[in-house]
Amino acid sequence: MENRTILIVDDEEDMRFLVGMYLENSGFSCLQAKDGEEALQLLHTKQVDLMLLDVMMPTIDGFTLCERIRERSDVPIVFLTARGEEWDKVKGFKLGGDDYIVKPFSPGELIARIEAVLRRVSQTKKTDDLSFGSLFIDEKGRKVAVDGEAILLTLKEFDLLLFLAKHTGQVFSREDLLLRVWGYDYTGNARTVDTHIKTLRIKLKQAGSFIKTVWGIGYKFEV
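What counts, and at which threshold
- Residues numbered from 1 in each chain as written.
- Predicted model: local features only at pLDDT ≥ 70, side-chain atom pairs only at ≥ 80, totals over all residues.
- Heavy atoms only, no water.
- Phe/Tyr/Trp six-rings, centres within 6.5 Å; stacked < 30°, edge-to-face > 60°.
- Helix = DSSP H or I, 4+ residues; strand = E, 2+ residues; numbered from the N terminus.
- Buried < 20%, exposed > 50% of the residue type's maximum accessible area, 1.4 Å probe, protein only.
- Patch = residues over 30% accessible without salt bridge, like charges linked within 9 Å, V, L, I, M, F, W, Y side chains within 5 Å.
- Areas by Shrake-Rupley, 256 points an atom, 1.4 Å probe, with all protein chains shown as cover.
- Salt bridge = Lys/Arg side-chain N within 4 Å of Asp/Glu carboxyl O.
- Lys, Arg positive; Asp, Glu negative; His and termini not counted.
- Charge placed at Lys NZ, Arg CZ, Asp CG, Glu CD.
- Axes fitted to C-alpha atoms, helices over the stretch in contact; angles between N-to-C directions.
- Parallel < 35°, antiparallel > 145°, perpendicular 65-115°, else oblique.
- Contact = heavy atoms within 4.5 Å.
- Pairing = 2+ DSSP bridges.

Let's shift gears to the packing of aromatic side chains. The description of an aromatic ring pair rests on the distance of the ring centres and on the angle between the ring planes. Inspection of the entire model under this criterion finds 5 aromatic pairs. Look at Phe132 and Phe221: their rings are 4.9 Å apart centre to centre, the planes differ by 65°, and that puts the pair in the edge-to-face class. Of this pair, Phe132 sits in strand S6 (residues 129-132) while Phe221 is found in strand S12 (residues 218-221), placing the two residues 89 residues apart along the sequence. A relative accessible area of 14% means that Phe132 is categorised as buried.

This part covers a negative patch on the surface. A cluster of acidic side chains, namely Asp11, Glu12, Glu13 and Asp14, defines a negative patch on the protein surface. Its place among the elements puts Glu13 in helix H1 (residues 13-25).

For the pair helix H6 (residues 155-165) and helix H8 (residues 191-203), the least separation of the axes is 10 Å and the interaxial angle reads 85°. Here H6 is positioned roughly perpendicular relative to H8, judged by the angle of their axes. Contacts from Lys156, Glu157, Leu160, Leu161 and Leu164 of H6 reach H8 at His196, Ile197, Thr199, Leu200 and Lys203.

Next up on the list: the sheet that holds strand S9 (residues 149-151). Taken together, the 4 strands give an open sheet; going across it, the order is S6-S7-S8-S9, and neighbouring strands pair in antiparallel fashion. Edge strands, defined here as strands with exactly one partner in the open sheet, are S6 and S9. Within this sheet the neighbouring strands show an average axis-to-axis angle of 25°, counted without direction. In terms of strand pairing, S6 meets strand S7 (residues 135-138) through 4 bridges, oriented antiparallel. When the sheet's bridge partners are listed, Ser131 is paired in S7 with Phe136.

Read these as layout, nothing more, since geometry by itself doesn't imply function.
This is the structure we're talking about:
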């Protein structure tokens, strides 16, 4: 399970440090967030393979955060909390959690459960991979690689690329893309699509040429 990145979300610094030590000793990379807002920011800007999520946090509790994340991402979520009542566990799973670990826990159990969730996710997402020459897109894992090199994309960059790639050959106007990728309630300028396309082309290097400009209309994905 090396080279997997785990995001630890807990308002207690000592707990984040302890869990991070367990994970790093087992070959994982770690990111830490002290609250829900910081966790959302990291999810938008970093590649995260699994999230360990506390329930009792200020501002945004773990259940609410899980619900918000599930609106946009399938990143595996394992609740790690002192709340061990059956009702809490059921709620965690219904909101989209992949596992629920009650504090206190042993390091061995923590690592074993994380590895089990990652294995399940890996087996499930194989059918969701897209490959176009040098470009590889892992939809479930929200990962992109060009010639085997991982490319770090923001949330909207990935959503835009995935949408275009899943509709190969189809032409979409800026307004179409705003509606389909950003949502009907987005109030920004349609030129934000141009900005994201430009950034995608730069980040994807030679694979950026797959995103074609259709003059006077918009964009399409074509190999």
